[in-house]
Amino acid sequence: MAARGVGIEDGGVVAAARGRILYAGPAAETPPFEAMRRIDCEGRWITPGLIDCHTHLVYAGNRAREFEQRLNGASYEETARAGGGIISTVKATRAATLQELIEQSRPRRNALIAEGVTTLEIKSGYGLTLEDEIKMLRAAHTLGDKVSVAATFLGAHTCPSEIDKDSYTDRVCDMIAVIEPMADAVDVFCERIAFTPEQTARIFVEAQRHGLKVKLHADQLSNGGGAALAASHGAVSADHLEHTDENGVRAMAGSGTVAVLLPGAFYFLRETKLPPIGLLRKYGVPIAIATDCNPGTSPLTSILLCMNMAATCFRLTVEECLLGVTRNAAAALGRDDVGTLEAGKQCDLAIWDIEEPAELVYRMGFNPLHRRVWRGEDA
Ligand SMILES: [Zn+2]
């Protein structure tokens, strides 16, 4: 199955009304619109607004000290004993008020917006109680005043120390009924150190009973059959996938599940096991890439640097990187109203000061965004 490529229109026009694209294509074929407002891009490139389809950017505190301790030679166990690790983020997030959580997370959102991001997925998962998970989802929605936010409930991120995993899985299933109106999807961290395939399946069944999409942190540290499990539940995406084998990739191809690759975590953890890029290409599985912005394993708030890392670490092509933060990232969120420049889609644009698309992937730490349009408005 050959993937549809990137279409390039030289001297094209995008026309929009009420936040939706009416026309996108060659200037010569533009229908006769009476435009109320025109933006002359003066020969610049327009891409769809970028999509970061996997982040944990709502959290309190940070883990810079733990990072420093590890550079000074401390082991993971030692930093955990010294109060580090994911539980330290859970503690800080539980202790923060809703307002504090929003204030601390907003600069991270702004950094992504400044690089042309117009749709952003944000996961919960540092609260782990109903009350604190709701607080995180509220913060995520509040951050949706300048970007389209897809909120994902990740109650099954890690098991709180006060309870065993099976009982906590039941609790997550109970939470789903309450958080349902606040979430678009439910995610689970399926891994030897997190939740088993059986526990994951229980949560997925409950999510789908409530009409929510499902996605999975799969096969990051070991091959636990996560990709195939996600595919068997019709998940919109399976994310990480460093240890996924051919059976998992084949299953994803059959179910239309998008592969979300997270080069920031791969880089920060200095991983060496590459995701099965060749197999994903062979079976035509759509590939998305995302920052995985989180305080422990990927403190990355640059979608452009993420594209560079995907090219450098995973050898993705420029076209794959661009599709990974536009059309395929939309598919990873189960969204068909963003991610491409086509009539009927949300008018989300990124206008760039570049000579060719490869510049978006090639540079490190340079932002050539000229202008961002979100829902038809300059923003
Ligand atoms: Zn993640």
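To be clear, the structure that these remarks concern was listed above.
First, a word on what this report is: a plain description of the structure on this page. (Residues numbered from 1 in each chain as written. Predicted model: local features only at pLDDT ≥ 70, side-chain atom pairs only at ≥ 80, totals over all residues. Heavy atoms only, no water.)

## Quick look at empty space enclosed by the protein
Per the stated rule, a full pass over the model turns up three cavities of 30 Å³ or more. When its volume is computed, the largest cavity comes out at roughly 60 Å³. Considering the residues around the largest cavity, the lining is formed by E121, A150, A151, T152, D184, A185, K213, K215, V236, A332, L333 and R335. Those elements that provide at least two residues to the lining of the largest cavity are strand 6 (148–156) and strand 8 (213–218). In terms of residue class, the lining of the largest cavity is built from six nonpolar, one polar and five charged. (1 Å grid on protein atoms, 1.4 Å probe; cavity = no way out; pocket = protein on both sides within 12 Å on 5 of 7 lines; lining within 4 Å. Points joined across faces, edges and corners; volume = space filled by probe spheres on them. Helix = DSSP H or I, 4+ residues; strand = E, 2+ residues; numbered from the N terminus. Nonpolar A, V, L, I, M, F, W, Y, C, P; charged D, E, K, R; others polar.)

## As for the nonpolar core
One finds F153 and M307 to be the most contacted residues of the largest nonpolar core, which totals 84 residues. Setting aside chain neighbours within four positions, we find F153 in contact with S124, E133, L137, V172, M175, I176, I179, A183, A185, V186 and D187. I51, C53, A150 and V338 belong to the second-largest nonpolar core, a separate cluster that totals 13 residues. (Core = buried A, V, L, I, M, F, W, Y, C linked by side-chain atoms within 4.5 Å. Buried < 20%, exposed > 50% of the residue type's maximum accessible area, 1.4 Å probe, protein only. Contact = heavy atoms within 4.5 Å.)

## A word on the environment of P357
Among the structural elements, P357 can be located in the loop between strand 12 (349–352) and helix 15 (358–362). A sequence separation of 312 residues divides P357 from W45, and the C-alpha atoms of the two residues are 7.9 Å apart. Here P357 is in contact with W45, V318 and L322, once residues within four sequence places are set aside.

## A word on the coordination of the zinc ion
Bound to the zinc ion are the protein donor atoms H54 (NE2), H56 (NE2), H217 (NE2) and D292 (OD), situated 2.1 to 2.4 Å from the metal. Around the zinc ion sit four donor atoms, and with donor-metal-donor angles ranging over 83 to 169° the site reads as irregular. Between consecutive donors of the zinc ion, the numbers of intervening residues give the motif H-x1-H-x160-H-x74-D. In this pair, H56 is assigned in the loop between strand 4 (50–52) and helix 1 (64–71) and H217 in strand 8, connecting sequence segments 161 residues apart. Judged by relative accessible area, which is 4%, H217 ranks as buried. (Donors = N, O, S within 2.8 Å, 3.2 Å for Na, K, Ca; no water. Tetrahedral: all angles 85-135°; square planar, octahedral: opposite > 155°, others 65-115°.)

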